Amino acid sequence: MSKIPAIQTDTLTRIYKIRGGKKSDPKELVALKDVTIEVPRSELFGLLGPNGAGKTTLIKVLTTLLAPTLGRAFVAGYDVTKEPHEIRARINMVSGGESSGYGLLTVRENLWMFSQFYGIPSREANRRIKELLEVVGLGDRINTKSSDLSSGLRQKMNIVRGFMTDPEVLFLDEPTLGLDVGAARDVRRFIRDWMDESKDRTILLTTHHMVEAEQLCDRVAIINEGRVLACDKPTALKQQLQQAAIYHLQISPLDGITPETFERIRGVHHFTYRSQDGSATLEFILEEDDVLATVLNQLTAHDIHLLNLEKREPSLEDVFIHLVGMSMEEVERGEVD
Amino acid sequence: MSRTATVSRLSKRERNVREPLRSFFTAAWLGWQIESNWTDPFLFAVYSIIKPIAGAAILVVMYGIITRGAFESPLFVYIYLGNAFYIYVGSVMNGVSWAVIDDREHYKTLKYIYIAPIHAPFYLVGRGVARFLTATISVLVTITAGMLFLNLQLDLGTVNWPMFLAALALGVILLANMGLMLAGVTLMIAHHVWFIGDAVAGALYLFSGAIFPLEVLPNWLRPVGFAMPLTYWLELLRRALVGQVAESFPTLSHVSNGQLFGILLGLTAIFGIMGIIMFRWCEHQARERGLIDRVTNY
Ligand SMILES: Nc1ncnc2c1ncn2[C@@H]1O[C@H](COP(=O)(O)OP(=O)(O)O)[C@@H](O)[C@H]1O
Ligand SMILES: [Mg+2]
């Protein structure tokens with residue numbers, strides 16, 4: 001097997017020029033900044049980050065849809081700028097959360113047409129299409145016009161389109177986005193099985209689901225605002241937080257004290273507050289266990305009842321918070337404002 | 001980064017022969033599926049039969065008024081045929097360039113097609129084939145209507161078929177290349193331009209000697225007509241169909257058929273090279289600016 005990495009980037013930067021008014025100079029938006037990653041063959045590599053982190057932009061550059069602004073990127077050993085053609089014969093891509101396809105064609109026709117662009121003989125293509133449709137549970141819809149499919153089923157068709165060509169490197173951009181829980185689980189299992197079938201396959205998958213990254217990926221890069229902040233096996237990433245103490249508290253409603261009080265306690269690395277009817281949940285990442293005493297003292301001082309207390313193992317979410325200082329959800333909310 | 005020999009490149013044959021061919025034929029298949037998806041046969045009839053006949057009828061009425069009904073004049077055949085064959089211009093150019101908008105905006109498949117190992121110009125030209133076929137129906141209908149109802153002086157027995165078919169083929173190649181230029185422009189424009197092909201065809205209508213000789217144009221506009229390969233294409237088609245009647249248009253009467261072919265061939269080659277260069281340049285720009293999968297909200 002060759003030692004050439006499936007994917008390699010070297011200080012890859014992508015800047016979008018946003019043309020505003022006629023007079024004003026175009027504004028620049030740095031979507032990727034000095035991204036250097038290396039994905040060996042046969043790895044299922046995850047890119048985890050909130051909306052707007054730059055995940056799709058990275059996939060677009062690697063799939064030759066978008067030119068890099070600075071730096072270099074290689075797929076299967078070929079330069080995305082100089083040899084896009086060599087790359088295209090070896091890759092495929094699926095984006096979740098959208099319904100693409102020729103609505104007037106049947107599921108089989110849609111897939112067959114794409115197989116022809118890759119030079120797959122019709123017979124072989126039809127065999128693969130049938131087999132893969134069975135696997136994703138679309139077997140009985142093979143002759144349905146794709147416009148008659150629900151968006152979830154269209155997405156499954158799209159997933160088959162990506163896998164059908166048996167690419168060396170497959171890019172999955174949030175493949176479970178918009179799917180219901182059951183379908184998402186099926187798709188994750190399918191992805192994992194496909195990888196386990198052969199050592200020659202490589203996947204780069206983006207997600208903003210912690211669980212997906214944790215369960216599915218061999219290695220995960222955490223990305224925010226266009227920068228890769230950490231990149232390792234999920235277990236290794238979490239190991240960084242072994243020292244930290246993560247607590248989940250359920251309490252009676254806060255009364256006479258604001259959530260900010262807790263943020264100000266020394267040793268509280270991160271804090272989130274959520275109130276439901278009748279109770280509230282607090283989530284702490286503390287620098288060490290001892291800080292918990294101070295937190296509990298505050299509660300007692302304000303006559304707040306502790307209903308439940310749990311110490312959690314660190315998750316990738318916590319790793320993200322540790323790296324960025326905010327949860328992914330908070331980052332995304334900030335984006336909207 | 002150095003690459004070891006284990007990564008094999010695509011063979012030349014794969015890249016230069018198989019890829020263009022399968023891009024073209026698959027695209028032609030797709031284009032036909034879309035074009036022949038006449039969920040409403042009435043709409044199809046309006047588009048490919050009634051619309052061209054109506055267009056011809058307007059022309060005939062205008063001609064009748066201006067010439068006080070000189071339908072026996074060879075000039076009439078000339079104008080009628082020029083107008084009929086001009087149907088190809090908008091159709092083929094639109095068919096090719098439209099695919100960009102259709103795939104990008106409507107089906108949202110352009111990015112998947114773009115990252116497939118296709119040959120983009122061949123794909124786009126393939127998508128235009130179906131429009132060429134439906135345009136052929138329109139052209140035939142228009143000419144037949146002229147023969148049946150307007151006593152159009154066209155004798156199928158005296159048609160120079162080899163010359164006609166050769167000229168037609170050359171013209172279609174030319175139009176496909178012009179469509180490719182428009183496809184490049186379309187790719188670069190983030191906002192959709194629905195009828196760019198028709199718009200350009202309309203603009204060129206007056207400069208190609210379709211319905212009047214270039215002599216009618218003001219002096220300073222005439223060179224535009226002479227630079228347009230369409231001018232020579234229409235002239236050749238008409239000469240092939242109605243022979244020396246052709247001389248009723250003075251513009252090119254001193255040019256022989258062979259010379260006309262030479263000029264058309266040369267201009268087609270120039271437009272072909274320009275088409276490819278322009279398309280590749282636009283494609284490069286679109287990739288730089290991230291427009292390949294850009295979807296405007298409409
Ligand atoms: N075509 C574009 N033009 C300008 N800005 C863009 C474009 N595409 C994405 N962006 C911006 O680049 C950043 C990264 O976007 P994206 O790669 O889509 O992130 P993600 O996939 O992680 O959600 C975002 O701030 C987004 O608004
Ligand atoms: Mg994205």
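Residues numbered from 1 in each chain as written. Chains lettered and ligands numbered in written order. Predicted model: local features only at pLDDT ≥ 70, side-chain atom pairs only at ≥ 80, totals over all residues. Heavy atoms only, no water.

**Quick notes on the state of the cysteines**
Inspection of every chain in the model, using the stated rule, returns 0 disulfides over all chains. Considering cysteine sulfurs only, Cys 217 of chain A is the nearest to Cys 231 of chain A, which forms no disulfide, with 11 Å between them. (Disulfide = S-S within 2.5 Å.)

**Section: the environment of Glu 72 of chain B**
All names here are of chain B. For Glu 72, the location among the structural elements is in the loop between helix H2 (41–67) and helix H3 (74–106). A residue is classified by how much of its surface remains accessible, and Glu 72, at 56% relative accessible area, is exposed. Ignoring sequence-local partners within four residues, the contact set of Glu 72 consists of Asn 151 and Gln 153. (Helix = DSSP H or I, 4+ residues; strand = E, 2+ residues; numbered from the N terminus. Buried < 20%, exposed > 50% of the residue type's maximum accessible area, 1.4 Å probe, protein only. Contact = heavy atoms within 4.5 Å.)

**Points about the sheet that holds strand E14 (residues 279–286) of chain A**
All names here are of chain A. Spatial ordering of the open sheet is given by E13-E14-E12-E15, a layout of 4 strands whose pairing is antiparallel. Of all strands in the sheet, those with a lone pairing partner are strand E13 (268–276) and strand E15 (306–312), marking the two edges. Each strand axis lies, on average, 15° off the axis of its neighbour in the sheet, ignoring direction. As judged from the 8 bridges shared by E13 and E14, these two strands associate in the antiparallel manner. Across the sheet, the residue bridging to Val 268 is Leu 286, located in E14. Sheet contacts for helix H10 (residues 291–301): strand E12 (245–251), E13, E14 and E15; angle to E12, the most-contacted strand, approximately 15°. (Pairing = 2+ DSSP bridges. Axes fitted to C-alpha atoms, helices over the stretch in contact; angles between N-to-C directions.)

**A few points about the interface of chain B and chain A**
At the junction of the two partners, chain B supplies 38 residues and chain A supplies 47 residues. Around 3,900 Å² of area is buried between chain B and chain A when both sides are counted, 60% of it from carbon and sulfur atoms. Scanning the region where chain B abuts chain A turns up 4 salt bridges. Among the ionic pairs, Arg 9 of chain B bridges to Glu 86 of chain A, the shortest N-O distance being 3.8 Å. Those elements giving two or more residues to the side of chain B that touches chain A turn out to be helix H1 (12–35), helix H4 (110–114), helix H5 (120–149) and helix H10 (257–289) of chain B. The leading source of residues in the side of chain B that touches chain A is H1 of chain B, at 9 residues. Of the residues contributing to the side of chain B that touches chain A, the split by class is 16 nonpolar, 9 polar and 13 charged. (Buried area = accessible area lost by both parts, 1.4 Å probe. Salt bridge = Lys/Arg side-chain N within 4 Å of Asp/Glu carboxyl O. Nonpolar A, V, L, I, M, F, W, Y, C, P; charged D, E, K, R; others polar.)

**Points about the domain arrangement of chain A**
Reports often express the size of an interface as the amount of accessible area lost when the parts come together. Each assigned domain of chain A is listed here: domain 1 (42–50 + 79–239) and domain 2 (245–313). Here the C-alpha centroids of domain 1 of chain A and domain 2 of chain A sit 41 Å apart. (Domains from an automatic or database assignment.)

**Brief notes about the pairing of strand E11 (residues 227–232) of chain A**
Residue and element names in this part refer to chain A. Alignment of strand E10 (residues 219–224) against E11, held across 5 bridges, turns out to be antiparallel. When the bridges of E11 are listed, Ile 222 appears paired with Ala 230. Linking E10 to E11, which pair antiparallel, is a turn of 2 residues; within it Glu 225 sits at a positive phi near 45°.

**A closer look at the nonpolar core**
Within the largest apolar cluster, 110 residues are counted, with the highest numbers of intra-cluster contacts made by Phe 163, Phe 171 and Ile 203 of chain A. With 7 residues, helix H6 (residues 181–197) of chain A is the single largest residue contributor to this core. Setting aside residues no more than four positions away along its own chain, Phe 171 of chain A makes contact with Ile 7, Ile 59, Leu 62, Thr 63, Val 75, Ile 91, Asn 92, Met 93, Val 94 and Leu 204 of chain A. With 57 residues, the next largest nonpolar core counts Met 93, Leu 152, Leu 170 and Met 178 of chain B among its residues. (Core = buried A, V, L, I, M, F, W, Y, C linked by side-chain atoms within 4.5 Å.)

**Observations regarding helix H1 (residues 55–62) of chain A**
All names here are of chain A. Within H1, 7 of the 8 residues are buried, leaving the element largely enclosed by the surrounding structure. Of all the residues in H1, the buried ones are Lys 55, Thr 57, Leu 58, Ile 59, Lys 60, Val 61 and Leu 62. Just beyond H1, the residue with positive phi is Thr 64, at close to 70°.

**A look at the pattern of salt bridges**
Per the stated rule, a full pass over the model turns up 33 salt bridges over all chains. Between Glu 28 of chain A and Lys 17 of chain A there is a salt bridge, with its nearest N and O atoms 3.8 Å apart. Taken together, the residues Glu 28 of chain A in strand E2 (residues 27–35) and Lys 17 of chain A in strand E1 (residues 7–18) connect sequence positions 11 residues apart. Relative accessible area serves as the criterion here: at 52%, Glu 28 of chain A is assigned to the exposed category. By relative accessible area, Lys 17 of chain A is classed as partly exposed at 49%. The partner of Arg 131 of chain B in a salt bridge is Glu 35 of chain B, with the nearest N and O atoms 3.8 Å apart. Of this pair, Arg 131 of chain B sits in helix H5 while Glu 35 of chain B sits in helix H1, and the two are 96 residues apart along the sequence. In the salt-bridge network here, residues are joined through shared partners; they are Arg 41, Glu 83, Glu 86, Arg 90 and Glu 168 of chain A together with Arg 9 of chain B.

**Some thoughts on H3 of chain B**
All names here are of chain B. Under the 1.5 Å per step criterion, the end-to-end length of H3 is 46 Å for 33 residues, consistent within 8% with the ideal 48 Å. Counting buried residues in H3 gives 28 out of 33 residues, a clear majority hidden from the surface. Near the N-terminus of H3, the side chain that reaches the backbone nitrogen of Leu 75, with its oxygen 3.0 Å away, is that of Ser 73. The positive-phi residue at the C-terminal boundary of H3 is Lys 108, with phi of around 55°. (Expected span 1.5 Å × (residues − 1). Polar contact = N/O pair within 3.5 Å; in protein donor to acceptor, adjacent residues only side chain to side chain.)

**Side note on empty space enclosed by the protein**
What the rule picks out here adds up to 3 cavities of 30 Å³ or more. Quantified by volume, the largest cavity comes out at close to 90 Å³. Along its surface, the largest cavity is lined by Val 100, Leu 110, Ile 113, Tyr 114, Ile 118, Ala 120, Tyr 123, Leu 124, Leu 187 and Phe 279 of chain B. Elements with a contribution of two residues or more to the lining of the largest cavity: H4 and H5 of chain B. Taken together, the residues of the lining of the largest cavity sort by class into 10 nonpolar, no polar and no charged. Reported here for the second largest cavity is a volume of approximately 70 Å³. Taken together, Ser 100, Gly 101, Asn 110, Leu 111, Phe 114, Met 157, Asn 158 and Arg 161 of chain A together with Thr 109 and Tyr 112 of chain B form the lining of the second largest cavity. In terms of residue class, the lining of the second largest cavity is made up of 4 nonpolar, 5 polar and 1 charged. (1 Å grid on protein atoms, 1.4 Å probe; cavity = no way out; pocket = protein on both sides within 12 Å on 5 of 7 lines; lining within 4 Å. Points joined across faces, edges and corners; volume = space filled by probe spheres on them.)

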